[in-house]
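Architecture and fold: a report
Letter by letter, the chains look like this.
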Amino acid sequence: MLKRLGIAVMVFLLITGCSLQEADSTDGRNPGTSPAASAKQSDPPVPPSPAATLDPASLNASFGFADRTGKHILAAWENDSKLAEMKSLNMAVGQGGQLLTVRFEKWQRGTANSNGRDLANNFANLSGYVFTVEEGSAASDETYYLADSAVFAPGSLLKVEPAGDKPQQLGADHPVRKEILARKQRKIQSIWKLADLSASSDPSGELHLYLVQFTRQDKNMLFSLVLQKNAELSFADYPAVIQEDDYSVWRVDDGGEILPEMFSLLFAARTATGVALGINWWGAEGVNSFFLLQQGTDLKEMDVRYSRYTSPL
């Protein structure tokens with residue numbers, strides 16, 4: 001009787017041990033591994049990498065323009081005092097955020113044949129720093145911002161979609177037009193969308209850049225560049241007072257009128273507090289390039305500017 005009981009106990013223990021091993025196996029762990037030990041072996045979750053941002057303090061007046069071939073860019077300068085700085089630049093940012101790889105080639109001394117114009121047809125006659133385009137091709141006569149890729153993060157650039165050659169004005173019932181009218185409490189003469197800006201890493205929505213000219217009030221004139229994202233509006237205001245005549249108000253020979261073809265977006269980049277915009281503003285005598293920095297409801301113009309004299313001969 002005792003012998004039979006001992007055999008039954010041994011069989012029971014064998015069956016129980018097998019059952020426990022099967023349970024461990026079906027639980028996805030090695031036999032004999034406890035849940036606590038299994039948890040320790042799994043890798044911790046990896047947090048997503050933060051989106052690259054541009055440091056506005058790194059921006060400077062290192063601009064240039066391309067020659068006829070698109071293989072060289074000239075940063076015009078009267079002397080070679082910035083030679084060390086120029087040698088560190090290896091990237092050019094063109095219209096709409098076009099990226100080019102460049103290499104400093106040489107300091108170029110100007111010639112007596114220069115006509116004083118910052119144009120591709122006068123490229124060889126101007127003093128300045130010459131860069132060779134190593135990857136990509138520059139657009140002839142276009143303005144480029146020159147930078148060190150270790151300082152200017154290419155990943156901070158937003159996608160730029162220009163509105164086109166002939167953008168349509170926003171109608172009276174357009175919600176953005178109505179919101180700008182309510183904010184400024186001033187009638188709008190003209191309003192156009194200049195560009196859409198977006199980033200695949202930002203799911204919260206696109207940004208839109210508008211150009212607005214307000215109606216004249218006596219001798220007071222006003223236009224604004226407006227950045228919109230959802231219900232947020234940020235303004236860069238450009239007031240002017242008519243002096244002797246209304247033919248040159250903001251720029252020489254502008255006729256007191258602001259048009260979308262006068263502006264182009266060099267680039268848009270994400271910053272820690274918003275967006276930085278590189279703007280080209282064309283006039284009868286040339287182009288002015290400058291940066292706008294988003295600060296809440298304001299687009300502040302930075303103290304970094306560049307001008308090219310391109311007046312026809």
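Notes on the structure follow. Bear in mind the structure is a predicted one, so any value in this text is a computation, not a measurement.

Attention now moves to the pattern of salt bridges. According to the stated counting rule, one finds nine salt bridges in the structure shown. Between arginine 308 and aspartate 141 there is a salt bridge, with the nearest N and O atoms lying 3.5 Å from each other. Of the two residues, arginine 308 is situated in strand β15 (residues 298-309) and aspartate 141 in the loop between β5 (128-135) and β6 (143-147); the sequence distance between them amounts to 167 residues. The class for aspartate 141 is partly exposed, based on a relative accessible area of 26%. Bridged by salt links that share partners, the residues Glu301, Asp303 and Arg305 form one connected network.

Two modes of strand pairing occur in sheets, parallel and antiparallel, and in both the strands are linked by backbone hydrogen bonds. The six strands lie next to each other as β1-β2-β5-β4-β3-β6, forming a closed barrel whose pairing is antiparallel. Averaged over all pairs of adjacent strands, the angle between strand axes in this sheet comes to 40°, irrespective of strand direction.

The biggest cluster of nonpolar side chains holds 32 residues, and the ones touching the most others in it are Leu197, Trp250, Phe263, Leu265, Leu277 and Leu292. Sorting the residues of this core by element identifies β8 (188-198), β9 (207-214), β10 (220-229), β11 (232-241), β12 (263-270), β13 (275-282) and β14 (286-295) as the ones contributing at least two each. Among residues more than four places away in sequence, those in contact with leucine 265 are Gln95, Gly96, Val160, Ala195, Leu197, Leu209, Leu277, Gly278 and Ile279. Counting residues in hydrophobic clusters, the runner-up holds 23 residues, among them Phe63, Phe123, Ala276 and Met302.

Most peptide bonds are trans, and most residues other than glycine sit at a negative phi. The phi torsion at aspartate 141 lies on the positive side, around 70°, for a residue other than glycine. Phi is positive for glutamine 185, which is not a glycine, with a value near 55°. Its place among the elements puts glutamine 185 in the loop between α4 (175-184) and β8.

So, about the packing of aromatic side chains. Applying the stated criterion across every chain, the model contains 19 aromatic pairs. Summarising the aromatic geometry, the rings of phenylalanine 223 and tryptophan 250 are spaced 5.3 Å apart at their centres and angled 80° between planes, so their arrangement reads as edge-to-face. A residue pair is termed long-range when its members are at least 10 positions apart, and phenylalanine 223 in strand β10 and tryptophan 250 in the loop between β11 and β12 qualify at 27 residues. Here phenylalanine 223 matches tryptophan 250 in class, with each residue buried. Looking at lysine 184, its charged tip hangs above the ring of phenylalanine 235, at a distance of 4.6 Å from the centre. Above the face of the tryptophan 281 ring, arginine 251 is positioned so that its terminal group lies 5.2 Å from the ring centre.

Before going further, it helps to examine the side chain of glutamine 213. Following the sequence through the fold, glutamine 213 ends up in strand β9. Apart from the residues lying within four places of it in its own chain, the contact partners of glutamine 213 are Ile188, Gln189, Ser190, Met221, Leu222, Phe223, Trp250, Gly256, Glu257 and Ile258.

Here the focus is α4. Of all the residues in α4, the buried ones are Val176, Arg177 and Ile180. Projected down its long axis, α4 carries its buried residues within an arc of 100°, all on one side. One or two steps after α4, the chain reaches glutamine 185, where phi turns positive at roughly 55°.

Now for the environment of leucine 277. Inspection of the secondary structure puts leucine 277 in strand β13. Residues leucine 277 and leucine 293 lie 16 residues apart in sequence; the distance between their C-alpha atoms is 6.5 Å. With near-sequence residues (within four places) excluded, leucine 277 lies in contact with Leu197, Leu209, Leu265, Phe267, Ala268, Phe290, Phe291 and Leu292.

Bringing the pairing of β9 into the picture now. Taken across its eight residues, β9 has eight buried, putting it largely inside the fold. Because side chains alternate across β9, one face comprises the buried residues Leu207, Leu209, Leu211 and Gln213, and the other comprises His208, Tyr210, Val212 and Phe214, equally buried. The pairing of β8 with β9 spans eight bridges and is classified as antiparallel. Each bridged residue has a counterpart across the sheet, and for leucine 197 the counterpart in β9 is leucine 207. Of the strand pairs in this sheet, β9 and β10 are connected by six bridges, and their pairing is antiparallel.

Each value, and the rule that gives it
- Residues numbered from 1 in each chain as written.
- Predicted model: local features only at pLDDT ≥ 70, side-chain atom pairs only at ≥ 80, totals over all residues.
- Heavy atoms only, no water.
- Salt bridge = Lys/Arg side-chain N within 4 Å of Asp/Glu carboxyl O.
- Helix = DSSP H or I, 4+ residues; strand = E, 2+ residues; numbered from the N terminus.
- Buried < 20%, exposed > 50% of the residue type's maximum accessible area, 1.4 Å probe, protein only.
- Pairing = 2+ DSSP bridges.
- Axes fitted to C-alpha atoms, helices over the stretch in contact; angles between N-to-C directions.
- Core = buried A, V, L, I, M, F, W, Y, C linked by side-chain atoms within 4.5 Å.
- Contact = heavy atoms within 4.5 Å.
- Phe/Tyr/Trp six-rings, centres within 6.5 Å; stacked < 30°, edge-to-face > 60°.
- Lys NZ or Arg CZ within 6 Å of the ring centre and 35° of its normal.
- Arc of directions from axis to C-beta.

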